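Coordinate inspection notes
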Amino acid sequence: MATNSTNFYDLYRHGSLGVSLTDALDDLISAERIDPQLAIKVLNQFDRIVAESLQERVKARLTFKGSLDTYRFCDEVWTFLIKNVTFKMDNGGSTVQADKVKIVSCSAKRTDEK
Amino acid sequence: MEPLPLPTTLEEVQRLIQALYSQNTPETITAIQEVLQRLQKSDQGWQLAKSLVESPQDNIKFFAALTLIVKLNRESANLSEDAAKELLQNIVQWLLDSMNNGTANFVIKKLCSALVTHFIYFSQLWPKCLRQLVYCLDIGRSVPVEALDEALQTNAVVGNLDSRKMWVAIQFATALVEEVGKTDMNSAKFLQVHDRLVGNTLDVISLLDRGLTRTEEGCSQVSLVCFQAWILYAQRATTENLTTPLKTLVGPAMNCFLIEDLFQETAGLFTDVLQNYSTFFTDAHYADLSSLFDSQWAAQLYNQLREDTNDQDGMSFGLLLLAYGDAKVHDLMTSTDEVSQRLLDRLVGLLAANGYLVGEDNIFVPTLEFWSTFVECVVDSSFSDETGTQSWRPYADQHLKNVVINSWRKIQWPPAETFAEWDSSERVGFGDARKDVADMLQSIFTLNGVTLVSFFVDLFLQSLQTQAWAEVEGSEFCLGALSDCVTENPEYDRELSRIFSSPFFDLLSEAQVPIPLRLRQTGLSLIERYCEYFERHSEYLPHALNLLFAAVGDSVLGGPSARSISTLCSSCRSILTGEAAAFIRHYQTIRSGQVLDSIAEEKIVHAIASIIQAIPQEDVRLAMFEDLYQFIKQDVERAVQLKAQPGILNLADPNFSRGLENWSSPQPVPGPDEIALQIALRALRCLSSMAKGLQDTKDHVVELDAENQQAPTNGRLANTQSDIINLMAGVQSTFGASGEVVETICNIFRAGFSETEPGPFVFPAEVVTQFFVRQPFATPRLGTLLSTACSFVGSLYRGPRMYVPNHLAQLLPWVINTLQTLPEPESDVEISQNGIVLVDRIMGRYPSVVFQLQPPQLLEFFFLFTLKVLNGKEPLPKGAAADFWSGFISLKTEDPALQNTIANAMAHLGPLFARTLMQNIGGNAARSELDKLSDPLKKLVASQARAQAWLEQVLFDEGAFPSAQASHEEKMVFLKKVMALRGGRMTNQVVREFWLACRGSNFTYAS
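Residues numbered from 1 in each chain as written. Chains lettered and ligands numbered in written order. Predicted model: local features only at pLDDT ≥ 70, side-chain atom pairs only at ≥ 80, totals over all residues. Heavy atoms only, no water.

With an unreviewed UniProt entry as reference, chain B is termed Armadillo-type protein, source organism Cercophora newfieldiana. Of chain B, the UniProt comment under Subcellular location (unreviewed entry) reads exactly: "Nucleus". Under Sequence similarities (unreviewed entry), UniProt gives the following word-for-word description of chain B: "Belongs to the importin beta family." (UniProt positions renumbered as here; feature names shortened; annotations may be inferred.)

Naming follows an unreviewed UniProt entry, where chain A appears as Transcription initiation factor IIA subunit 2 of Cercophora newfieldiana. UniProt's Function (unreviewed entry) comment on chain A is quoted here verbatim: "TFIIA is a component of the transcription machinery of RNA polymerase II and plays an important role in transcriptional activation. TFIIA in a complex with TBP mediates transcriptional activity."

**Comments concerning the overall build of chain A**
Within chain A, the secondary structure is distributed over two helices and three strands. When burial is assessed residue by residue, chain A has 23% of its 114 residues classed as buried. Taking all contacts inside chain A whose residues are at least 6 apart in sequence as the whole, residues at least 24 apart take part in 40%. When the accessible surface of chain A is totalled, it reaches about 7700 Å², and 53% of it is carbon and sulfur. (Helix = DSSP H or I, 4+ residues; strand = E, 2+ residues; numbered from the N terminus. Buried < 20%, exposed > 50% of the residue type's maximum accessible area, 1.4 Å probe, protein only. Contact = heavy atoms within 4.5 Å. Areas by Shrake-Rupley, 256 points an atom, 1.4 Å probe, with all protein chains shown as cover.)

**What to know about the pattern of salt bridges**
Taken as a whole, this structure holds 38 salt bridges over all chains when the rule is applied. Arg-48 of chain A is the salt-bridge partner of Glu-52 of chain A, the closest N and O atoms lying 3.0 Å from each other. With Glu-52 of chain A and Arg-48 of chain A both in helix H2 (residues 36–56) and four residues apart, the pair spans about one turn of that helix. Arg-591 of chain B is the salt-bridge partner of Glu-601 of chain B, the closest N and O atoms lying 3.3 Å from each other. Taken together, the residues Glu-601 of chain B in helix H35 (residues 598–613) and Arg-591 of chain B in helix H34 (residues 580–593) connect sequence positions ten residues apart. Take Glu-601 of chain B and Arg-591 of chain B: they sit in the same class, and that class is buried. What emerges from the salt-bridge pattern is a single network uniting Arg-591, Glu-601, Asp-635, Arg-638, Arg-658 and Arg-682 of chain B. (Salt bridge = Lys/Arg side-chain N within 4 Å of Asp/Glu carboxyl O.)

**A few points about the sheet that holds strand E1 (residues 62–74) of chain A**
Residues and elements named next belong to chain A. Pairing in this open sheet of three strands is antiparallel, and the strands run E1-E2-E3 from one edge to the other. Only two strands of the sheet have a single neighbouring strand rather than two, namely E1 and strand E3 (95–106). When strand polarity is set aside, the average angle formed by the axes of neighbouring strands in this sheet is 20°. Pairing of strand E2 (residues 77–89) with E3, which is carried by eleven bridges, proceeds in the antiparallel orientation. (Pairing = 2+ DSSP bridges. Axes fitted to C-alpha atoms, helices over the stretch in contact; angles between N-to-C directions.)

**Let's talk about the packing of helix H6 (residues 105–122) of chain B against helix H9 (residues 163–182) of chain B**
All names here are of chain B. Following both chains from N to C, one finds H6 and H9 inclined at 50°, their axes separated by 9 Å at the closest point. In terms of axis orientation, H6 runs oblique to H9. As H6 packs across H9, the resulting crossing turns out to be right-handed. Where H6 abuts H9, its residues Asn-105, Ile-108, Lys-109, Cys-112, Ser-113, Leu-115, Val-116, Phe-119 and Ile-120 lie against Arg-164, Trp-167, Val-168, Gln-171, Phe-172, Ala-175, Leu-176, Glu-179 and Val-180. The class makeup of the residues in the contact of H6 with H9 is twelve nonpolar, three polar and three charged. (Parallel < 35°, antiparallel > 145°, perpendicular 65-115°, else oblique. Left-handed = near helix turned anticlockwise from the far one by under 90°. Nonpolar A, V, L, I, M, F, W, Y, C, P; charged D, E, K, R; others polar.)

**Quick notes on H35 of chain B**
Residue and element names in this part refer to chain B. Its 16 residues place the ends of H35 22 Å apart at the C-alpha level, agreeing with the 22 Å of an ideal helix rising 1.5 Å per residue. Of all 16 residues making up H35, 14 are buried, and the element is well covered by its neighbours. Put simply, Asp-597 is the residue that caps the front of H35, since its side-chain oxygen is 3.2 Å from the backbone nitrogen of Ile-599. (Expected span 1.5 Å × (residues − 1). Polar contact = N/O pair within 3.5 Å; in protein donor to acceptor, adjacent residues only side chain to side chain.)

**What about the pairing of E1 of chain A?**
Residues and elements named next belong to chain A. Two elements, E1 and E2, share eleven bridges in a ladder whose sense is antiparallel. Residue pairing in the sheet places Phe-73 in a bridge with Trp-78 of E2. Taking the residues between adjacent antiparallel strands as the criterion, E1 and E2 are bridged by two residues, where Asp-75 takes a positive phi near 50°.

**Quick word on the interface of chain B and chain A**
Each partner contributes residues to the interface: chain B has 23 residues there, and chain A has 23 residues. Summed over both partners, the interface of chain B with chain A comes to about 2000 Å²; 45% of that surface belongs to carbon and sulfur atoms. Area buried by chain B at its contact with chain A is led by Lys-435, Asp-484 and Tyr-1005 of chain B, which between them contribute 30% of it. At the junction of chain B and chain A, the tally comes to two salt bridges. Where chain B meets chain A, there are seven residue pairs in polar contact (both at pLDDT 80 or more). Sort the elements by how many residues they give to the side of chain B that touches chain A and helix H24 (residues 424–448) of chain B lands first, with four residues. Of the residues that constitute the side of chain B that touches chain A, the class distribution is six nonpolar, eight polar and nine charged. (Buried area = accessible area lost by both parts, 1.4 Å probe.)

**Description of the side chain of His-285 of chain B**
Mapped onto the secondary structure, His-285 of chain B falls in helix H16 (residues 283–293). Overall, His-285 of chain B belongs to the buried group, its relative accessible area being 10%.

**Things to note about a nonpolar patch on the surface**
Residue and element names in this part refer to chain A. Among the surface-exposed residues, Leu-68, Tyr-71, Phe-73 and Trp-78 lie close enough to one another that they form a single nonpolar patch of about 450 Å² accessible area. With respect to the helices and strands, Leu-68 occurs in strand E1. Assessed through its relative accessible area of 48%, Leu-68 is described here as partly exposed. (Patch = residues over 30% accessible without salt bridge, like charges linked within 9 Å, V, L, I, M, F, W, Y side chains within 5 Å.)

Take a look at the structure:
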C-alpha cells in the first residue's frame, strides 16, 4: 500500500484529486513538457502532502450513524461496510443519506514505524 | 536577456561566480547560472574545479566543490579506476587544506558532500570511507587507500583527533548517511553502496562515542545530528548489523540532556525517535528515560513549562514527555506503580498550563492528542480483554476524570475584550481545540456513558448558581458534544431533564440578567442538538420554541435560531400540529416588523411547512398551507408588478426592501429590475423550503399496477397545484434570463418527485412533462433542467406504470432536439451529459419508446452524437456515453420485433462503436476513463458474436488505430485475452495494460 521510496500511502492517488492529477501529468508527458521521473516525484509529493494536510490542516469533521454490515481487518487495513448511513456535517448540521458506504482505513503509522 | 558568452580565462570565471552570489536581477542570475552550468558540463569541468578549489575565496571554493559533484554525477562512468583513486586523494587533500586554512564551514560541508558523491559511484575503491578520512585527518595529509592497512584501530585514531578534525569527520559521516540514504536501497545499482555504508557502522560508533562527549567546536551538537541521521537510515535499512551497534550510543546521547547547551538537540533527537521509531529503544533505555522524567531536573523543566509554554526548553521537554507517553501508552495505562502514575499525573497537568488555549498555551493541543490515544487504548482494552481483571482501570478512570475537568476549564471562552485582541489564527485555533475536546469526550463517553453526562449536568447547575457564565457555557458545549452519543434511554433523559427543568430557558431569554452572547449561542445550539429529547418531552417544547423565535430577529443569533426552529419543528411535527396557525401568525408578525435574513426566513418557512405536513385532516392541512403560501404568492405578485411598473418602488416598505439583501452601503442601490428579481428569488426559495418541509417522513405502499391518478381527486388541492404551477411559470416568463430562477424551480419540482402521497407539490405527471417540453434551448441552466427531468423519470418509475410510456414519448424528442441544437457535443457539457443520461434511463426501462421514436433520424442522430462524445475529451459526457453503450449493447426485451430492431441497429452501429472504443483504449482516452470504457467492451465481447471481427478490424487498421507503439503481437495478445475473458472483471486490467503499451513506457510511472 505504501510507496517504496516514501513513508506515505499511495491510496489517495485513487481519489478524484489523485486521478485528475495523474491525467494532468499524462497530458504533460504527452506534450513532452515533463518526463516520467518528474511525474513520479510529483505523485510522491502528492502522497506526502495529502497525508500531512489531512492530519494537520483539515479541521472540518462529520459524524455518521448507520448499521454496520461487515467489517474486516486484514494486512493492517480495516474495512467497514455500513448500510443506511446518515452523515451529519459540522457546519449547520445538514445531513446526507447513503444506502451503503465502504470505509477503508489504514494506520497513520506504518508497521515498521510503530 | 541574451545568453552570455563562455568565459575564456579563469579570472572571468571567478568574476562570474562572484556575480552569481552577489545581489543581481533574477534574469542576470539565470544567465550566469546557464553559462556556468555549460562550463561545468564541458570537458574542461574537471580542470576548472581543480583550479577554482585553490582560490582563497569561499564562494569560489564552494562552486568548485559543486562542480566536482556535478561532474561525478554526470561522468563517473567515464573515469578509470586510477583516475577515480587520484580524484579521491585530491578531494581529501583539498578538504584537509580547507580545514587548515580557515575556509568557511559551508565549503567544508560541500567538500564532504563531494566525497560522499565519490563514495556513491566508487564505493568499491574505499569501502571503509570513514576510517580512510579519519586516518587522513589524523596524519594531516591525504594518502592512497592502500595506506589504510598501516593505520591503528579507528577507536585509537579517533582519539588522536582534535575537535576541529573531529567536527569535519562527523560532518562527513552525516553527509554520508544522508546522501546514500537518498538512493534507492532496493535498486541493484545501489545495493552494494548501501552494504558498504553499513560496513562503516562500527567506525561511526567510535567516532560518535567520542564526539558526544566533546563539547568544543560544537562537536556534541553535530554528533547528535549525525546520530539522528543514522537512526533514521537504520529504520529503513532494518539490519541488525546497524541497529545493534547504534543502540550503544543511546546512553551517551541521553547524558547530553543534562548539558544545558545540548538540551534542545537532545530533546529533538529523542522526541523524533520516540515518535517515529519507538522500537529502536530497548526496555533498559525506556527505564532510563522514565527515571530521568522522575528526577528533580525534570520537575524543574515541567514547572517551567506549566508556567510559560513559550519557554523553549520547557516546550521541548513537554513534547519529549508526550512522545514518551505515546510510545509507552499501553504500558503506562496498565501500570499501577508510583513512577508511572506520577508520569501520567504530569501528563494530565500539561492540560492545565498557564494561559488561554493556542495563543498562550501551546502544549494543550498536543497533550490532548496523547489523551485521545490513551482513551482509545482504554476503550480497546476494555472491550477486548475478556479475562483480565483490569486492576489498572480505576487509576485510568481517575486520570481521565482529571483530563475532563482540565479540558472543560481550558475550553472556556476568555472575556470578550481578551478575545477581541486575538488574531484570526488564534481564534480559529481556539475553536479547533474545542472541537478536539468534543471528539475526546465522545471517546470517553464510550467508557463512562451516563456518568459523564451527569458530571457535566452537575457542573452546569453549580455554575448556574454562581452565575459563572464561562463555566455554564463550557458545560453546555460539552453536553452538546455528547448529543450524538446519547441514546433514547430514560437514564439519559433524566439527566437532561435536570438541565431543561432548571432556569435554563429563563437564563437564555435573559429574563433576569443579561448574559454573554456566546452563552446564548451555545444554549440555542444545545436545544437543537437534543431535538429528539424534546420529541419525548413535549412539556419543554413551547419554552424552547418561544426562546428560539424571540432570537430570530437578532443579527447574530437569527441564523442559528432559525436553524434550530427548523430542526425542532421537523422532529416534533406531530406534536405541534395544533400550533400551526399560531406559528403562521408569528411568522407574519416577524415579517411585517423587519426584513429577516433570507436563509433564516427559509428555515422558518420550512419549519412551519413541516408542522403543516403532519396535520392529519386534509382540509385543515390545505387551509394552513394556503395561509402560508399566500405570503409567497404576494411577494411574487409584487415582484412581477415592480418589474412591469418600476415607479412603484418604495424602499421604506419592508415588502420592497426585502429585495436589497445582497446590497451593502458603499455600492450604488440596485435598480427596480434587480430588486424585483431578488424579491422573486427569495419567494421562490421560500416556496422550495415549503416543498421540502411538506415532504413526508414516513414510507407508504405504492401500487405499481394501479391506474395513475392524472389529477388529484381533491379539487382544492388541484387548484392549489395549478396556482403554484402558474406562479412558477409567471416568474420564469418575467425573469426568464435568470438561471437562479430556473434552478430554484427545478428544486421545487424535485421536492415533489420523491413523494408518493398527494400534496401541493406532487404535481400530475402530465403537468411536469409539459413544463419540461416547453423549455426552449435558450433557457438558462438547461443542463439543470435535464438533470431534473432525469429525476422526474426516476419518480415515474417508482409510481404506477400505466401512463409512463406516454410521458417518456413526449420527453424523448425534446431531449434529442435539445442535443441537436448544440453547436458541438462538448459546447455545453452539462446538457450533453444529462441528455445522454436521460435517454439511457428511458431506454433501460422502455426501449420501445426509444426505438419507435419519430422521425427515426432523431435516433440516428443520437447514436452518432454519443459516438462523437466518446471520441471527445470531456470526461463527464464521455462517461455517460460509455454507460449508454453498455446499456444498449446488452439490451434485452421480450418483444421479438423490437429485439430484431435492436439487433439490426447493433449490426449497423457495432463497427463504428468498436472503432471509437478501440481508439480510446489504444491511447486516446485519459487513464482515468479506462475503467468506464472497459464496461461497454465487456458487454460487447460477452453479448455480440461479431465483436472479435469488429475489434480486429480497428486494431490492425493502421489508419484507424491511434498508436504506433503497440506491436502486432501485443494487439493479438490483447484481443485474445479480451475474448477469452468473456467480459470478466480482469478485462479492466487487460485494457489498462494495453493502453500503457499503446502509450509507451513513459506512462508506466503510475498504476
